[in-house]
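# Geometric and topological summary
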Amino acid sequence: MTAIDVQGLSKRMNGFALQQVSFSVPKGYITGLIGPNGAGKSTLIKIMMGMVTPDQGSITIHGQSAGIAGAAYKANIGYVSDENIYYDTLTLGEMKEIFKSFYPRWDEGQFKEYLDRFELPVKKKIKDCSKGMKTKFALALALSHHPDLLIMDEPTAGLDPIFRRELLELLAEFIQDEKRTVLFSTHLTTDLDKVADYITFIHRGKLAFSQTKEEILERHLIVKGSKELLDSDTRKEFVGLRETDFGFEGLTADGSRLQSIFGSSALYHQPTLEDIMYYTAKGGKAYA
Amino acid sequence: MHSIGGLMKKDFLLIRRFIWLLAIYAVVFSGIMQKENHTLIYSLFPGLLLILGISSDSQRSAQQFLVSLPVPRNRLVLSKYLSSLILVVAAVLIATGMNFASDLLYGHPVHLDLMLIVGTFLSMVVFMSIYLPFFYWLGLKGFQVVNVVMMIAIMVANGVMTSLLTASDFRFLQDRFLEQPGLSWIFLILLTLLVSVISYLISCRAFRTRDL
Amino acid sequence: MNILLNPSSGEPIYLQIVRQIRASILQGDLLPGTPLPSIRQLAKDLQISVITTKRAYSELEAEGLIDSMVGKGSFVSGGSPEFIREQRMRRIEERIQELLIECRSIPLSTNELIDWIRLLEGEIGHDGN
């Protein structure tokens, strides 16, 4: 069962383009949307929220057509933007009063709980709040109307490491109900290394892969060895390579194959998502 | 429709911080300070109120917020038009009130120039109908330019209006108008209505595919 | 039941979970019928992916150690004493095989190993200390 279905999405923007991107966000799980800055993650999310119109393709959310066409589907989405979209001159409390009037499932008690938990000063003007506070506020608003889908665009940028951990706890709590789904775009992948169930990687506007995090981390391997091991054939096995005077380190997408090629003359270890992003970017070639 | 209420409440909440500024302007432009020219307030004040009403939403982030809500874009536009309409009504009423007060203050005979009031109201609705589509059509930078142009236009128009009101040609038009007041008014009202509906449709069209 | 994960040990996380739960069941720390935490609750507490806990439970179910019922959750299966014994024997066989491979690389002959086992058995009292 999918919460979000992206089909053949293309969009040309300044400097880059999303090209025929298709993937699904399964219901009941946390899907991380990763990719270097400028890869198109934010644009994808904006298209989902009806802020940007695609040139081609479509998105379906909970079975309804998402985008400019309709707006009702957004009542079931908790959205956290990467920028502050709230009115700077209002206080947190005033902003909340405006916001809640659009969501029939608004839970004032729940909101107060989050206010306490995040230590948010309800009478403070939004312009006087730090980036961290603004993000926490956005989270509180998004969670307090009991949506079934949480879409977050770079929520951890600007958050202190302590709250980033707390955010992961919040997400794990959120997902206890298997009807709910989380889509979480970030270029700080250490958060996702732990709790993400699925990972969708967008590289230079194209889909690199979209699978369970387990499959991805098991399939890929970091290989370290001496320069002599590299020749034109073996180089092809790597997604990305880093060569120094002391040897090389690279990422392969087929770990078992490379292990059978190099055997015990190389060192291997499991990559992190950050390794995968780094080497894919370094490799330069569009990920097949 | 409940969402329209929420949106309009938002507009008024945002304009609240300009209360003092508006109060000062109201006093300065009214007959209280402008002893000879008490029509100044009728042109400048509603224009000012309209521009302030729009400005809080002119930032891209605010537009993103509004579009992220479960409200169709058309309805966002409609609520803006309704809020702006109410601002125009409020402005005209305040202007009338201020001039009434100044009449009392200076011991002038109290008079209510109905034609001026309704005329101002209708022309302000027309102004709004020209102004708002620009808001939905242009990005932030373009819109700031438009604001400046509009303010200048208001001041120029005010100058023109003032000289018009005293010109003999205008007296002629007025007389013709007064020959058939009922019909003329109906005609003007319908025209204003038409212009505002066209404006709304243009705004909806412009906003429909705007990327934020 | 305690589950402690070592993310840098090289052993897949789901296997670590399987191993530890299996040990608890076979040692009798988890009695037949004991309810296990839901896959989501476990994922939250261990701060890992739900897919991983799901996989672990699938594995345990395949081994017959737990039963999962839709809507009710997972429980330690009511295995007979023979079944438990058989499972434990299988674990011992695995360990013996590991031991034999290790001995071969030292090298230590099987006979020397057996003598050594007898020696240690004497030191281990009958109450298992």
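It should be emphasised that the depicted structure is a prediction, and the values quoted were computed from it without experimental measurement.

Right, let's talk about the overall build of chain C for a bit. The helix and strand inventory of chain C stands at five helices and three strands. Scaling as 2.2 N^0.38, a compact globule of 129 residues should have a C-alpha radius of gyration of about 14 Å, whereas chain C reaches 18 Å, well beyond that. With respect to the principal axes defined by its C-alpha atoms, chain C has extents near 55 × 35 × 25 Å. Here chain C holds 129 residues, and the buried ones make up 22% of them. Intrachain contacts of chain C at a sequence separation of at least 6 include 55% that bridge at least 24 residues.

On average, residues of chain C score 86 in pLDDT, and 95% of them reach the 70 mark or higher. Here the predicted complex carries an ipTM of 0.89, next to a pTM of 0.85.

With that out of the way, let us pick up the domain arrangement of chain C. When its domains are assigned, chain C resolves into domain 1 (13-76) and domain 2 (81-123). Each of domain 1 of chain C and domain 2 of chain C has a C-alpha centre, and these two points are 28 Å apart.

At the junction of the two partners, chain A supplies 23 residues and chain B supplies 23 residues. Here the side of chain A that touches chain B is composed, by residue class, of 14 nonpolar, six polar and three charged.

Glancing now at the nonpolar core. Most often, soluble globular proteins have nonpolar side chains that are buried together. Ranked by size, the top nonpolar core spans 137 residues in total, and within it M48 and I151 of chain A together with I41, F45 and V88 of chain B carry the most contacts. Ignoring sequence-local partners within four residues, the contact set of V88 of chain B consists of P46, L50, F121, M124, V125 and M128 of chain B.

Right, let's talk about the domain arrangement of chain A for a bit. Annotation of chain A at the domain level lists domain 1 (2-216) and domain 2 (221-269). For domain 1 of chain A versus domain 2 of chain A, the distance between C-alpha centres works out to 37 Å.

Further remarks concern the packing of helix α2 (residues 19-29) of chain B against helix α3 (residues 40-55) of chain B. All names here are of chain B. Closest axis-to-axis distance for the α2/α3 pair is 9 Å, and the angle between their directions is 165 degrees. When the axis of α2 is compared with that of α3, the two are roughly antiparallel. Between α2 and α3 lies a crossing of right-handed hand. Together, L22, Y25, A26 and F29 of α2 and L40, I41, L44, F45, L48 and L49 of α3 make up the contact between the two elements. Here the contact of α2 with α3 is built from residues that sort into 10 nonpolar, no polar and no charged.

As a further point, take the interface of chain C and chain A. With 10 residues of chain C in contact, the opposing surface of chain A contributes 14 residues. Sort the elements by how many residues they give to the side of chain C that touches chain A and helix α2 (residues 39-46) of chain C lands first, with four residues. Across the side of chain C that touches chain A, the residue classes tally to four nonpolar, four polar and two charged.

Our focus in this paragraph is the sheet that holds strand β5 (residues 64-66) of chain A. Residues and elements named next belong to chain A. One open sheet accounts for four strands, arranged β2-β1-β4-β5; its pairing is antiparallel. Each of the sheet's edge strands pairs with one partner strand only, and the pair in question is β2 (16-26) and β5. Taken over all neighbouring pairs, the strand axes of this sheet differ in orientation by 25 degrees on average, direction set aside. Where strand β1 (residues 2-13) lies against β2, eight bridges are found, and the strand directions are antiparallel. The residue of β2 that forms the bridge with D5 is S24. Strands β1, β2, β4 (56-61) and β5 of the sheet are contacted by helix α1 (residues 41-48), whose axis makes an angle of about 115 degrees with β1.

Here we take up helix α2 (residues 92-100) of chain A. Residues of α2 of chain A that are buried include every one of L92, E94, M95, K96, I98 and F99 of chain A, and no others. In the core, the buried residues of α2 of chain A are packed alongside α3 (108-118) and α4 (131-143) of chain A together with α1 (2-15) of chain B.

What counts, and where the lines are drawn
- Residues numbered from 1 in each chain as written.
- Chains lettered and ligands numbered in written order.
- Predicted model: local features only at pLDDT ≥ 70, side-chain atom pairs only at ≥ 80, totals over all residues.
- Helix = DSSP H or I, 4+ residues; strand = E, 2+ residues; numbered from the N terminus.
- Rg over C-alpha atoms; globule rule 2.2 N^0.38 Å.
- Buried ≥ 20, exposed ≤ 12 C-beta atoms within 10 Å, placed from the backbone.
- Contact = placed C-beta atoms within 7 Å.
- pLDDT = per-residue confidence, 0-100.
- Domains from an automatic or database assignment.
- Nonpolar A, V, L, I, M, F, W, Y, C, P; charged D, E, K, R; others polar.
- Core = buried A, V, L, I, M, F, W, Y, C linked by C-beta atoms within 7 Å.
- Axes fitted to C-alpha atoms, helices over the stretch in contact; angles between N-to-C directions.
- Parallel < 35°, antiparallel > 145°, perpendicular 65-115°, else oblique.
- Left-handed = near helix turned anticlockwise from the far one by under 90°.
- Pairing = 2+ DSSP bridges.

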